[in-house]
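Descriptive structure summary
Spelled out, the chains give:
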Amino acid sequence: MDKWKAQPIRSSEITPEWAYLNRRQFMKGAAAVSVGALLAACAPQASAPQSSGPQAVPTLDTTPGITKGDKDELGSALTPFEAVTNYNNYYEFTTDKEGVAPMSKDFVVRPWTVEVGGLVNKPKTYDVDDLIKRFTIEERIYRLRCVEAWSMVIPWQGFALNQLLKEVEPQSSAKYVHFVSLLDPKRMPGQSSPFYTWPYSEGLRLDEAMNDLTLMATGLYGKNLLPQSGAPLRVVVPWKYGFKSAKAIVKIELVAEQPRTLWSDAAPNEYGFYSNVKPDVSHPRWSQARERRIGEGGRRPTLMFNGYAEQVAALYTGLDLRANY
Ligand SMILES: Nc1nc2c(c(=O)[nH]1)N[C@H]1C(S)=C(S)[C@@H](COP(=O)(O)O)O[C@H]1N2
Ligand SMILES: [Mo]
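Values in this document were obtained by computation on a predicted structure and should not be read as measured data.

Restricting attention to buried positions, one finds in helix 5 (residues 161-168) the residues Leu 161, Asn 162, Leu 164, Leu 165 and Val 168. Taken end-on, helix 5 shows its buried residues confined to a sector of 160°, consistent with a single buried face. Just downstream of helix 5 lies Glu 169, where phi reads positive at about 60°.

Structural data, given as structure tokens:
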């Protein structure tokens, strides 16, 4: 019995993203989809040189311990480490949430480089350990709300993305930030799935990326990130549905146009670019009004912007959040 599920989920409640999309894409014509996606997945990745052979993960833990206690600012308990690291969405490995940890445990995350470029004055490819040393690492206790209507409270360590963006100096033509995850089907077996346009990618408007809440996470619970959590570096955007928080980032590109994302490629009518947490706007196939907090029984109401309205609502003044879902 799955101990993270405090109560059985009715199958009528939510079709997981993968099950629905796989059927849907299959019906659309799997052949056309799969050829394109497989070609993309097999293409050599010139932009992000990664490890050629196995290397030990450094034991040096550069992240500080927990400093702010065991609750978020709304008084909710942290989700236990065991749940945070054994119930994961990471389609590069598997669509089975409890399979991600075992399948990714030998995923090698050093050496690792992060290319920061596009419309910036000072493009640079960073070694991930240099990046981590360069910026102030803080602890941030954030709620993570998945579009599938479950949530967690996670004590992350990381640095504000705006520190990095300021360093590379965005040009005035830069309007969006595109985050690209690792493409390496040999190490990420889920990338053989023809239903998605690999690599995983996500994006933010530049002002969203500059907001102080947007974190580049390097650790959680005072330890370096484990592979299943997106090691060595992932973005965390706590007021948006969890899929905006891309894992295993190798490239951060400043661009003029709204970038493509894996989920908006897969189902643009369901997963919009903004994807702010909005309890009053249903997903086409389920309500977003309530959520299941992992480790708790019952359901709790979902909060506007996942409880971060005070910090982020001003970003959307004048924007129709229903049209821009
Ligand atoms: N590269 C990559 N990033 C990803 C995903 C993924 O499949 N691949 N899944 C997303 C989804 S749907 C969620 S809910 C969160 C889950 O983060 P967690 O497993 O650390 O809780 O990661 C997001 N980032
Ligand atoms: Mo998610």
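Now that the structure has been shown, we can carry on.
Right, let's talk about the packing of aromatic side chains for a bit. Between two aromatic rings, the relevant description is the distance of the centres plus the angle of the planes. All told, the structure shown has 18 aromatic pairs when counted by the stated rule. With centroids separated by 5.6 Å and ring planes inclined at 70°, the aromatic side chains of Tyr 91 and Tyr 196 adopt a geometry described as edge-to-face. Remark: Tyr 196 occurs in the loop between strand 5 (176-181) and strand 6 (201-205) and Tyr 91 occurs in the loop between helix 2 (81-84) and helix 3 (100-104); sequence separation between them is 105 residues. Judged on exposure class, the residue Tyr 91 and its partner Tyr 196 are both buried. Site record: aromatic cluster; members linked through ring pairs are Tyr 91, Tyr 196, Trp 198, Phe 243, Trp 263 and Tyr 271. Of note, Lys 244 hangs over the ring of Phe 273, and the distance from its end group to the ring centre comes to 4.2 Å.

Moving on, we get to the side chain of Lys 240. With respect to the helices and strands, Lys 240 occurs in the loop between strand 9 (234-236) and strand 10 (249-255). Engagement of the side chain of Lys 240 in a polar contact is seen with the side chain of Glu 208, the distance being 2.8 Å. Polar contacts involving the side chain of Lys 240 include one to the side chain of Asn 276, which spans 3.1 Å. In this view, Lys 240 contacts Arg 145, Leu 204, Glu 208, Tyr 274, Ser 275, Asn 276, Val 277 and Tyr 316; residues no more than four positions away in its chain are not counted.

Here we take up the site of ligand 1. The immediate surroundings of ligand 1 are formed by 15 residues, with Asn 88, Tyr 91, Glu 92, Ser 245 and Lys 247 found nearest. Contact between ligand 1 and Tyr 91: an oxygen atom at 2.7 Å from a main-chain N or O atom of the residue. The separation between a nitrogen atom of ligand 1 and a polar main-chain atom of Ser 245 is 2.8 Å. In the complex, the protein chains occlude 100% of the 540 Å² of accessible area that ligand 1 would expose alone. Taken together, the residues that form the shell around ligand 1 break down as seven nonpolar, five polar and three charged.

Our next topic: the side chain of Arg 234. In this structure, Arg 234 sits in strand 9. For the buried Arg 234, no salt bridge is present, and the opposite-charge side chain at shortest range is Glu 92, 9.9 Å distant. Within the structure, the side chain of Arg 234 is placed 2.9 Å from the backbone oxygen of Ser 229, a separation counted as a polar contact. Within polar-contact distance, the side chain of Arg 234 engages the backbone oxygen of Ser 245 at 3.2 Å. Not counting chain neighbours up to four residues away, the residues in contact with Arg 234 comprise Trp 156, Leu 215, Met 216, Ala 217, Leu 225, Ser 229, Ser 245, Ala 246, Lys 247, Ala 248 and Ile 249.

Within the element layout of this structure, Ser 275 appears in the loop between helix 7 (262-266) and strand 11 (290-293). In this structure the C-alpha to C-alpha distance between Ser 275 and Tyr 241, which are 34 residues apart in sequence, comes to 5.9 Å. Here Ser 275 is in contact with Lys 240, Tyr 241, Phe 243, Lys 244 and Tyr 325, once residues within four sequence places are set aside. There is a polar contact of 2.8 Å between the side chain of Ser 275 and the backbone oxygen of Gly 272.

One pass over the structure, following the stated rule, counts 19 salt bridges. Asp 212 is the salt-bridge partner of Arg 140, the closest N and O atoms lying 3.5 Å from each other. Here Arg 140 is found in strand 3 (residues 138-145), whereas its partner Asp 212 is found in the loop between helix 6 (206-210) and strand 7 (215-220), with 72 residues between them in sequence. Accessibility expressed as a relative area gives 8% for Arg 140, which makes it buried. We note a salt bridge from Lys 240 to Glu 208, for which the minimum N-O separation is 2.8 Å.

Basis of the calculations
- Residues numbered from 1 in each chain as written.
- Chains lettered and ligands numbered in written order.
- Predicted model: local features only at pLDDT ≥ 70, side-chain atom pairs only at ≥ 80, totals over all residues.
- Heavy atoms only, no water.
- Buried < 20%, exposed > 50% of the residue type's maximum accessible area, 1.4 Å probe, protein only.
- Helix = DSSP H or I, 4+ residues; strand = E, 2+ residues; numbered from the N terminus.
- Arc of directions from axis to C-beta.
- Phe/Tyr/Trp six-rings, centres within 6.5 Å; stacked < 30°, edge-to-face > 60°.
- Lys NZ or Arg CZ within 6 Å of the ring centre and 35° of its normal.
- Polar contact = N/O pair within 3.5 Å; in protein donor to acceptor, adjacent residues only side chain to side chain.
- Contact = heavy atoms within 4.5 Å.
- Near = heavy atom within 4 Å.
- Areas by Shrake-Rupley, 256 points an atom, 1.4 Å probe, with all protein chains shown as cover.
- Nonpolar A, V, L, I, M, F, W, Y, C, P; charged D, E, K, R; others polar.
- Lys, Arg positive; Asp, Glu negative; His and termini not counted.
- Salt bridge = Lys/Arg side-chain N within 4 Å of Asp/Glu carboxyl O.

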